[in-house]
Amino acid sequence: MAATIINGYEIAAKIRSRTAEETLKLKEAGIEPCLAVILVGDNPASVSYVTGKQKALAEVGMKDRSIHLKEETTEEELLELIRTLNEDSTVHGILVQLPLPRHINGEKVIMAISPEKDVDGFHPVNMGNLIIGRKAFLPCTPHGVLVLLEETGVETDGARAVIVGRSNIVGKPLAILLTRKEYNATVTICHTGTKKLKEITRQADILIAAAGSPGMITGDMIKPGAAVIDVGVNRIPDSTKKSGFRLTGDVKFEEALEVAGCITPVPKGVGPMTIAMLMVNTLESALNFKNKANRQK
């Protein structure tokens, strides 16, 4: 029997709908949630991602403060813009679309964003709070993966979870979150230095592919009945497509479909969830600012 396909697009739509309802309530109370998305240059993939975020902002009724800067923008100019947005009380979230041009230090840029407005969850303050279990903005993709598992009814309590990929954006924070008591999974992180990878992945009740390597997870690497979450979004050449490329994940989907219990497709799997959770974080930030203002009265 073929695996159940997890429709991340539909689940994300539900989350955006709930977020829109809460946004409306907040606007009626005089607070308009606002996200500033900064794009430097014209990287086609980045332009596409920013467009997706703008559409989501419009759908949930939030204010869009998107700023598109030229490729030649200096690091100091970008940092000055971030300082201005940090001080703007009408802006609740700041996101700088990565990757940045080579002449700009991405780490320095992330550090410049106020942790209170870091709705991407990448600032070391938010990462540190995540590790010790304090309230923080959760990185959007790991948070989206957890919601997908919850909405699909995948049992994490006592489950063996294997994550292939150790990035600061997905692999590491997702491993930490899955070990929290509310999820209670036993987690293994694999990477390019992992030996006998197939032996490890075949033990996974939950297999998460987040290595950025097209088709690296094959059907024989999957435990029968496992939940497979494909975080990979890879552009590969395809002359049959108008764009000249197609999107594929880190999992060989057709092979996995015959083995897994459930699986996310690429696209319409994890991707829509990432943007949905960004809207959730922006709403949470606006609520935080509202509550802070009330306490100061």
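Residues numbered from 1 in each chain as written. Predicted model: local features only at pLDDT ≥ 70, side-chain atom pairs only at ≥ 80, totals over all residues. Heavy atoms only, no water.

**So, the UniProt feature "domain: Tetrahydrofolate dehydrogenase/cyclohydrolase NAD(P)-binding" (unreviewed entry) in the protein chain**
- Residues annotated in UniProt with the feature "domain: Tetrahydrofolate dehydrogenase/cyclohydrolase NAD(P)-binding" (unreviewed entry) correspond here to residues 139–287.
- Annotation note: span residues 139–287, helix share 33%, strand share 19%, distance between end C-alpha atoms 18 Å. (UniProt positions renumbered as here; feature names shortened; annotations may be inferred. Helix = DSSP H or I, 4+ residues; strand = E, 2+ residues; numbered from the N terminus.)

**With respect to helix α7 (residues 171–178)**
- Across the 8 residues of α7, 6 count as buried, placing the element largely inside the fold.
- When α7 is considered as a whole, its buried residues turn out to be G171, P173, L174, A175, L177 and L178. (Buried < 20%, exposed > 50% of the residue type's maximum accessible area, 1.4 Å probe, protein only.)

**Things to note about the environment of K108**
- Its location among the elements puts K108 in helix α4 (residues 106–112).
- Residue class for K108 comes out partly exposed when judged on its relative accessible area of 42%.
- Taking C-alpha positions, K108 is 9.1 Å from E75, a pair spaced 33 residues apart along the chain.
- Discounting chain neighbours no more than four positions away, the residues touching K108 are E75 and L79.
- Within the structure, K108 has its side chain in polar contact with the side chain of E75 (distance 3.0 Å). (Contact = heavy atoms within 4.5 Å. Polar contact = N/O pair within 3.5 Å; in protein donor to acceptor, adjacent residues only side chain to side chain.)

**Some remarks on the packing of helix α6 (residues 140–152) against α7**
- With their axes 9 Å apart at the nearest point, α6 and α7 run at an angle of 45° to one another. Judged by the inter-axis angle, α6 sits oblique to α7. Relative to α7, the crossing made by α6 is right-handed. For the pair α6 and α7, the contacting residues are P142, V145, L146 and L149 in the first and P173, L174, L177 and L178 in the second. (Axes fitted to C-alpha atoms, helices over the stretch in contact; angles between N-to-C directions. Parallel < 35°, antiparallel > 145°, perpendicular 65-115°, else oblique. Left-handed = near helix turned anticlockwise from the far one by under 90°.)

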